[in-house]
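# Survey of secondary and tertiary structure
Each chain is listed here by its residues.
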Amino acid sequence: MELLQQARAEIDAIDAQMAALFERRMQAVAKVAQSKAQTGKAVFDPERERAVIAKNTARIQDPALQPFYRQFITQAMAVSRAYQRQILGRNVAAYQGVQGAWSQIALQRIFPFARQMACQTWADVFAAVQDQKAEYGVLPFENSNAGDVSAVLDLLYAHPDLSVTGMYDLPIRQDLLGVPGATLEGLRTVVSHQQALSQSGPFLRSHRLATKAWGNTADAARHVAELGDVTVGAIASAETARLYGLTVLAEGVNEDGDNTTRFIVIHRGSAADAPVHAGQRIALLFTVDHKPGKLAQVIERIGGMGFNMESIKSRPLPHVQFEYYFFVQLICPAAAEGQTCATLLANLQEPCRTVRLLGIFDRETRHAGNEEAES
C-alpha cells in the first residue's frame, strides 16, 4: 500500500505540472487561432497535425510507450482544435432529431465541446452546413444490419460544395425503458421507432408486449416520460433514459448485439488535396457513360494504382432514368505514400464522365465512444 501511495503522490505532482503546461499550451493555441482568423486558414491542417504527432512520438525513448503517447498527443491536438473553433466561433455542429437521438449521441462523442444544433431533417443538416450556420454536420451513413442510408448519400451527391471529413462507428444497444416504478412484468405496450421494434422483435414477442411505432427512439422515450404510465415502455438508449428520467428495465433487447451505425461528418469546402499515406481512406463520387465496360475500366485503374476498393455503392442518377452514380471508398496502399489525390483523379478522368473527391480521412471508423476512466 505504501508503494501505491508513493506512486499516486508522484502522479499528483506530475499532474500539477501538466496542468500548468496545459494552460501555457492553450494560451499558445489561442494565438494560433488569432493568426488563422487574420489569414483565413482552416482550423484543421492534416499535414501539420501528422508532422506534430510524428515529431512528438519520436521524443519518447521507451518504444513500448510510443503508441500510448501517440494517442495522448492525438487527443491533445483534438482538444486544441476544439478550443480554436470556440475562439473563432466555428464550434457549432448540427444533427437531425432531438436530444437523446443516436445522431445527437454520436455528435456528443465526436465533438464533445461543440454547440449542438438540432435539425428536423437530414436535408436541414446539409442546409445548415451549406449556409455556414454550422461548421459540421453529423449524419448516419450506414448500418451494419439495415445497410446504407441512401437518402444521405443522395444529399451528398446533391451538395458539391460539401465534403466528408471523417467516419465514426457507434455501437447501437437498444434498452427497454420505463418510468420510475415500472417493471418488465407490468408492461403492456412498447413504443419506439419501427426499426428498433423490428430488431427487438424476438424479445418483445417472448414477453407478449404490444408495440406502437413512433417517429424516433428518443422522442418515444420523451413521450413515455411525459405519459407517466407504468404499463408503457420505450426502446431507446441508456443515455436517453438518463436524459428523460427513465429506468432501464432490460438491457440490450435488440436481437443483434453487434448492431453498429456508421456516421459521417460533413463540412463546407472541397476535400484537401493533401499527400496521402498508407491506410488513409479516400471517398469518391463518379459517373460513367452508360456503355459496356466503362465501370470495369474505372475499377481496373483504381486497382492498378494499388488502391483497395473497400466499398462501392450505386444510386439512381437524378433526372436521368435508369442511369446511376457511384460512391467508392478506397484504402491507400503503402505505395501511394507521397502521391496526391490529384494523381488518382487524373487517372480516372478518361473512363469517368464526372469524378469528385468527396473526402480524405485517416482510419477514423473507430467506436465513437468514451474510453474507460483511470481510477
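The structure we're discussing is the one just above.
Here's a quick rundown of the structure. These numbers come from a predicted model, not from an experiment.

### A look at the packing of aromatic side chains
- Tallying each qualifying case throughout the model produces five aromatic pairs.
- Measuring from ring centre to ring centre gives 4.1 Å for Tyr157 and Tyr325, while their planes differ by 15°; the resulting arrangement is stacked. Remark: Tyr325 occurs in strand 14 (residues 324-331) and Tyr157 occurs in helix 6 (residues 150-158); sequence separation between them is 168 residues.
- Judged by its relative accessible area of 27%, Tyr157 is partly exposed.
- The exposure class of Tyr325 is buried, given its relative accessible area of 1%.
- Aromatic pair Phe286 and Phe326: ring centres 5.3 Å apart, planes at 20°, arrangement stacked. Here Phe326 lies in strand 14 and Phe286 lies in strand 12 (residues 281-287), a separation of 40 residues in the sequence.

### What about a nonpolar patch on the surface?
- Residues Ile14, Met18 and Phe72 make up a contiguous nonpolar surface patch of about 260 Å² in total accessible area.
- Tracing the chain through its elements places Ile14 in helix 1 (residues 2-39).

### Here we look at the side chain of Lys313
- When you line up the elements, Lys313 lands in strand 13 (residues 308-316).
- If sequence neighbours within four positions are ignored, Lys313 has contacts with Phe141, Glu142, Asp148, Leu153, Tyr325, Phe326 and Phe327.

### Side note on the sheet that holds strand 10 (residues 247-250)
- Taken in spatial order, the five strands line up as 8-7-9-6-10 in an open sheet, and their pairing is mixed. A strand with exactly one partner marks an edge of an open sheet, and here the two such strands are strand 8 (210-214) and strand 10. Recorded for the sheet is a direction-independent mean angle of 35° between the axes of neighbouring strands.
- Pairing of strand 6 (residues 175-178) with strand 9 (residues 232-236), which is carried by three bridges, proceeds in the antiparallel orientation. The residue of strand 9 that forms the bridge with Asp175 is Ala236.
- Where helix 9 (residues 217-227) meets the sheet, its contacts fall on strand 6, strand 7 (189-193), strand 8 and strand 9, and the angle it forms with strand 9 comes to roughly 155°.

### Structural notes on helix 1
- Compared with the 56 Å implied by 1.5 Å per residue over 38 residues, the 55 Å span of helix 1 between its first and last C-alpha is a close match.
- Elements that come into contact with the buried residues of helix 1 comprise helix 3 (66-88).
- Backbone geometry just downstream of helix 1 places Gly40 in the positive-phi region, at approximately 80°.

### Focus: the pattern of salt bridges
- The final tally for this structure, using the stated rule, is 14 salt bridges.
- A salt bridge links Arg222 to Asp219, with the nearest nitrogen and oxygen atoms 2.6 Å apart. Within this pair, Arg222 and its partner Asp219 are both found in helix 9, separated by three residues, close to a single helical turn.
- Here Glu310 ties to Arg281 by a salt bridge, and the two come within 3.0 Å at their closest N and O atoms. Taken as a pair, Glu310 in strand 13 and Arg281 in strand 12 lie far apart in primary sequence, 29 residues in all.
- A relative accessible area of 32% means that Glu310 is categorised as partly exposed.
- Within this structure, Glu142, Asp148 and Lys313 form a network of salt bridges that share partners.

Definitions and cut-offs
- Residues numbered from 1 in each chain as written.
- Predicted model: local features only at pLDDT ≥ 70, side-chain atom pairs only at ≥ 80, totals over all residues.
- Heavy atoms only, no water.
- Phe/Tyr/Trp six-rings, centres within 6.5 Å; stacked < 30°, edge-to-face > 60°.
- Helix = DSSP H or I, 4+ residues; strand = E, 2+ residues; numbered from the N terminus.
- Buried < 20%, exposed > 50% of the residue type's maximum accessible area, 1.4 Å probe, protein only.
- Patch = residues over 30% accessible without salt bridge, like charges linked within 9 Å, V, L, I, M, F, W, Y side chains within 5 Å.
- Areas by Shrake-Rupley, 256 points an atom, 1.4 Å probe, with all protein chains shown as cover.
- Salt bridge = Lys/Arg side-chain N within 4 Å of Asp/Glu carboxyl O.
- Contact = heavy atoms within 4.5 Å.
- Pairing = 2+ DSSP bridges.
- Axes fitted to C-alpha atoms, helices over the stretch in contact; angles between N-to-C directions.
- Expected span 1.5 Å × (residues − 1).

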